[in-house]
Amino acid sequence: MWTFFKNCLYNLNVRWHIMYRLMWIAAPIHFLLNVNSKDTIEDEAGCTMNVTHWNGRAMAMFAYRMYAKIKDLTIRQDDVILCGYPKTGCHWTFEILYMILNQKAEVSKYGKVLQGMIEAMPEIILNSVPSRRVLNTHVLYNELPRGVKENKNKIILTIRCPKDTVVSFYNHTQALKVYYQYKGMFENYFKMFMKGEVDYGSYFDHYLSWSEAMKSQEDNQIYFLSYEDLKENTVEKVMEIAEFLETPVTKEFAEEVAKVTSFSKLKEKRPGNGLYRKGIVGDWRNWLTDEQSNEVDRVWRETMAHFKRPPEAITRYCD
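A brief structural summary. (Residues numbered from 1 in each chain as written. Predicted model: local features only at pLDDT ≥ 70, side-chain atom pairs only at ≥ 80, totals over all residues. Heavy atoms only, no water.)

So, on to the overall build of the protein. The secondary structure content of the protein amounts to 17 helices and seven strands. Burial status across the protein gives 55% buried among its 319 residues. Taking as baseline every contact in the protein between residues at least 6 positions apart, the subset at least 24 positions apart corresponds to 71%. (Helix = DSSP H or I, 4+ residues; strand = E, 2+ residues; numbered from the N terminus. Buried < 20%, exposed > 50% of the residue type's maximum accessible area, 1.4 Å probe, protein only. Contact = heavy atoms within 4.5 Å.)

What follows is the structure in C-alpha cells.
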C-alpha cells in the first residue's frame, strides 16, 4: 500500500508537476488550517516571509508538525545520517549515498524529500523505507533523534561557501514563493540571512553547533563534505565516502556515479521541482557587493576557527 502511495506522490510532484501547479490553491488552505503555527519575518523594507518557530529560531512551515517528534524517531543501526544547512548540496549528496549503499549507479526513485527527509515524512512512511536508509535533516546536532547517538550512526555533514548558500537560498524562496510569500530584494534577504532570520536559523550558528562533535567524534563518526570539494573531485570524494561507510567501491563505479549524479542529469531527472537551479560554484560574484562579501568573510573566519580542519576548497572559492 505504501509503495502505491509513494508512487502517487512522486508522480504528482515530480513527473507531472501537478503538485507545484496546485500550490496556488493548496498553500492558502495549508496556512488557514495551520494558522496557529504560522509566523512571519519582516525584512528592512517591510516584506514578510512565512515561517514557523521552533527551539528559538525560524523554521520551514511545511514541517512544523514533525519538529517536536524528531527526538523520538526510530533509528536503525545501519542508517546513514545526512546533515547540513539547507542549500549546501544535500539533494546531490543523498543520491550519491543512495548509489553507494545500493551498489547501483541509479538515481533514487523518489528523491530525498520523499525517501528520507525526516522533517518531511510521517514516521509510518519513513519506516517503510528499506535498509540501508539515508536519512536527511537540517536540524542541529543536539536536535538529532536520540537513536543516532545511541547507535553511533555514521554522519555525513555537508557544507558550502556561505556566499553561494545565501544566493541559492534566496532563489529557493523565490521558486517557492507561494509558500514563503516573500517578495523582497536580495539585499534585504542577505541581511536576514546574516542575522539568522531565515529557515533553520543562522548558517554560522548551525556549523558552530557541530564543532564540538566534530572535534571529539565520541558518539558519532562524522565525514565533513564541502560542496566545492565534491564539485572539484567528485570521483575521489565518492570513493572516500564509500570507504567511510565501509562500503568500498571501484574507481569505475565511482566514475559512473559521478556521471549519473552530474547536475544536468539530476535536473533532467527531477524537472520542475524548483530544487535545482545552476549547481555551480562562485555564482555569488554575480550577486554580492564587496561590502557583503567582506561581511561574510569576517563571520566565516570566526566560525571556522572552531574547527580543526576547515574545508580548504571553500576558502579558495569564497575569496
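There is more to say after this.
To continue, consider the nonpolar core. Soluble globular proteins: nonpolar side chains tend toward being buried together. With 62 residues, the main nonpolar core has Leu144, Ile155, Tyr189 and Trp210 as its most contacted residues. For Ile155, the residues in contact, after removing those within four places along its chain, are Ile81, Cys83, Tyr141, Leu144, Val148, Trp210, Asn220, Gln221, Ile222, Tyr223 and Phe244. (Core = buried A, V, L, I, M, F, W, Y, C linked by side-chain atoms within 4.5 Å.)

Below, the discussion takes up the state of the cysteines. Counted under the stated rule, the structure contains one disulfide. For Cys161, the disulfide goes to Cys318, at an S-S distance of 1.9 Å. Residues Cys161 and Cys318 share a disulfide whose torsion about the S-S bond is about 130°; that sign makes it right-handed. One end of the pair, Cys161, is in the loop between β6 (155–159) and α8 (162–175); the other, Cys318, is in helix α17 (residues 312–318), with 157 residues separating them in the sequence. Like Cys318, Cys161 is buried. (Disulfide = S-S within 2.5 Å.)

A word on the pairing of strand β1 (residues 39–42). One ladder, built from four bridges, connects β1 with strand β2 (residues 48–54); its direction is antiparallel. Each bridged residue has a counterpart across the sheet, and for Thr40 the counterpart in β2 is Asn50. From the end of β1 to the start of β2, which pair antiparallel, there are five residues, and Gly46 there has a positive phi angle of about 90°. (Pairing = 2+ DSSP bridges.)

For the coordinates displayed, the defined rule picks out eleven salt bridges. Between Arg57 and Glu143 there is a salt bridge, with its nearest N and O atoms 2.6 Å apart. Of this pair, Arg57 sits in strand β3 (residues 57–59) while Glu143 sits in the loop between β5 (134–137) and α7 (146–151), and the two are 86 residues apart along the sequence. As a salt-bridge pair, Glu212 and Lys215 come within 3.6 Å of each other at their nearest N and O atoms. Linking Glu212 with Lys215, this pair stays in helix α11 (residues 203–216), spanning three residues, or about one helical turn. Among the residues examined, Glu212 registers a relative accessible area of 53% and is labelled exposed. (Salt bridge = Lys/Arg side-chain N within 4 Å of Asp/Glu carboxyl O.)

Adjacent strands of a sheet pair through backbone hydrogen bonds, lying either parallel or antiparallel. Judged by pairing direction, the sheet is parallel, and its four strands sit side by side in the order β5-β4-β6-β7 without closing on themselves. Every interior strand has two partners, whereas the edge strands, β5 and β7 (222–226), have only one. Shown here is a sheet whose adjacent strand axes are inclined to one another by a mean of 25°, direction ignored. Bridging between β6 and β7 involves five bridges; their strand directions are parallel. Considered in β7, the bridge of Thr158 is made with Leu225. Packed on one face of the sheet, helix α4 (residues 90–102) meets β4 (80–84), β5, β6 and β7 and runs near 165° to β4. (Axes fitted to C-alpha atoms, helices over the stretch in contact; angles between N-to-C directions.)

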